[in-house]
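The lines below spell out each chain.
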Amino acid sequence: MITFPKIKKSRINIIPLIDIIFLMLVFFMLATNFNKNFQINFKVSSQKEIIDRSIEKTLMVLKIRSDKIYFKEKEINLKDLEDKYLKNWNSLNFERIIILNDKKSSVQSLISLLDEIKKYKLDNVNFSNEP
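Report follows, based on the coordinates.

Calculation rules
All residue numbers refer to positions counted from 1 along the written sequence of the respective chain. Only residues with pLDDT of at least 70 get local features here, since the model is predicted, and only at 80 or more are side-chain atom pairs given and counted; chain-wide, interface and lining totals rely on the full set of residues. By convention in this description, side-chain values take in all heavy atoms of the structure and omit both hydrogens and water. The way it works is that DSSP assigns letters per residue, a run of H or I at least four long becomes a helix, a run of E at least two long becomes a strand, and they are numbered from the N terminus. Each helix should span, by expectation, one fewer than its residue count multiplied by 1.5 Å. Burial here depends on accessible area, computed with a 1.4 Å probe over protein chains only, as a share of the maximum for the residue type. Under 20% is buried, over 50% is exposed, and the range in between is partly exposed. Relevant arc is that of directions from the helix axis to the C-beta atoms, nothing else. Aromatic pairs are defined between Phe, Tyr and Trp rings, using the six-membered ring for Trp, whenever the two ring centres lie within 6.5 Å; interplanar angles under 30 degrees are classed as stacked, those over 60 as edge-to-face, and all others as tilted. When the NZ atom of lysine or the CZ atom of arginine is within 6 Å of a ring's centre and also within 35 degrees of its normal, the charge is said to sit over that ring. Polar contacts here mean pairs of N or O atoms no more than 3.5 Å apart (in protein, one a potential hydrogen donor and the other a potential acceptor; neighbouring residues in sequence count only if both atoms are side-chain atoms). Strands were regarded as paired on the criterion that DSSP finds at least two bridges between them.

A few points about helix 4 (residues 107-119)
Under the 1.5 Å per step criterion, the end-to-end length of helix 4 is 19 Å for 13 residues, consistent within 8% with the ideal 18 Å. Ser 109, Leu 110, Leu 113, Leu 114, Glu 116 and Ile 117 are the residues of helix 4 that are buried. The buried side chains of helix 4 occupy one side of the element, clustering within an arc of 155° when seen end-on. Away from its buried face by more than 90 degrees, helix 4 exposes Val 107 and Gln 108. Remark: Lys 121 follows helix 4 within two positions and exhibits a positive phi of approximately 55°.

A short note on the packing of aromatic side chains
Applying the stated criterion across every chain yields a total of two aromatic pairs. Between the aromatic rings of Phe 27 and Phe 28, the centroid separation amounts to 5.2 Å while the plane-to-plane angle is 70°, which identifies the pairing as edge-to-face. With relative accessibility at 52%, the residue Phe 27 sits in the exposed group. Seen from their ring centres, Phe 71 and Tyr 85 are 4.8 Å apart, and the 70° between their planes marks the pair as edge-to-face. With Phe 71 in strand 3 (residues 68-71) and Tyr 85 in helix 3 (residues 78-86), this pair connects stretches of sequence that are 14 residues apart. Taking relative accessible area as the criterion, Phe 71 reaches 7% and is therefore assigned buried. Classification of Tyr 85 by relative accessible area gives buried; the value is 19%. Over the face of the ring belonging to Tyr 70 we find Arg 65, whose NZ or CZ atom lies 5.4 Å from the ring centre.

Some thoughts on the environment of Ser 91
Mapping Ser 91 onto the fold places it in the loop between helix 3 and strand 5 (96-101). Judged by its relative accessible area of 60%, Ser 91 falls in the exposed class. For Ser 91, the side chain forms a polar contact with the main-chain oxygen of Asn 88, separated by 2.9 Å.

Details of the pairing of strand 5
Each regular strand displays side chains that alternate between the two surfaces of the sheet. Counting buried positions along strand 5 yields six of six residues, so the element is predominantly enclosed. Alternating residues of strand 5 divide into Arg 96, Ile 98 and Leu 100 and Ile 97, Ile 99 and Asn 101, and every residue in both groups is buried. Strand direction decides the pairing type here: strand 2 (residues 59-65) and strand 5, joined by six bridges, are parallel. Pairing of Leu 59 across the sheet is with Arg 96, part of strand 5.

Printed below as a string of structure tokens:
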């Protein structure tokens, strides 16, 4: 009678695979370069402080109401603001920008405005909430 040798069942040992995955995770975490994003330093003031200071300094007051930007009580879009004012900031008599934001406006409208300001490296920006 012919006897066949016993065939061993093959098994996959997963423990070395877990060790390799863990080592790769640690390697990529240590090799990743974390950079800080460009930061804008700002101070949030009360509206009374802003009004008191506006007597002695020239301010550009931008109001955000219901996701629309207003300058001198007229609605202005971001493109016009950039073309007329931000590109020519050094030749204008404004010393700083005041942003008055109402509670109905979204954060995205404020961020869009800050992105435009950041393009021109203007850092003298104050914030306040409109009542």
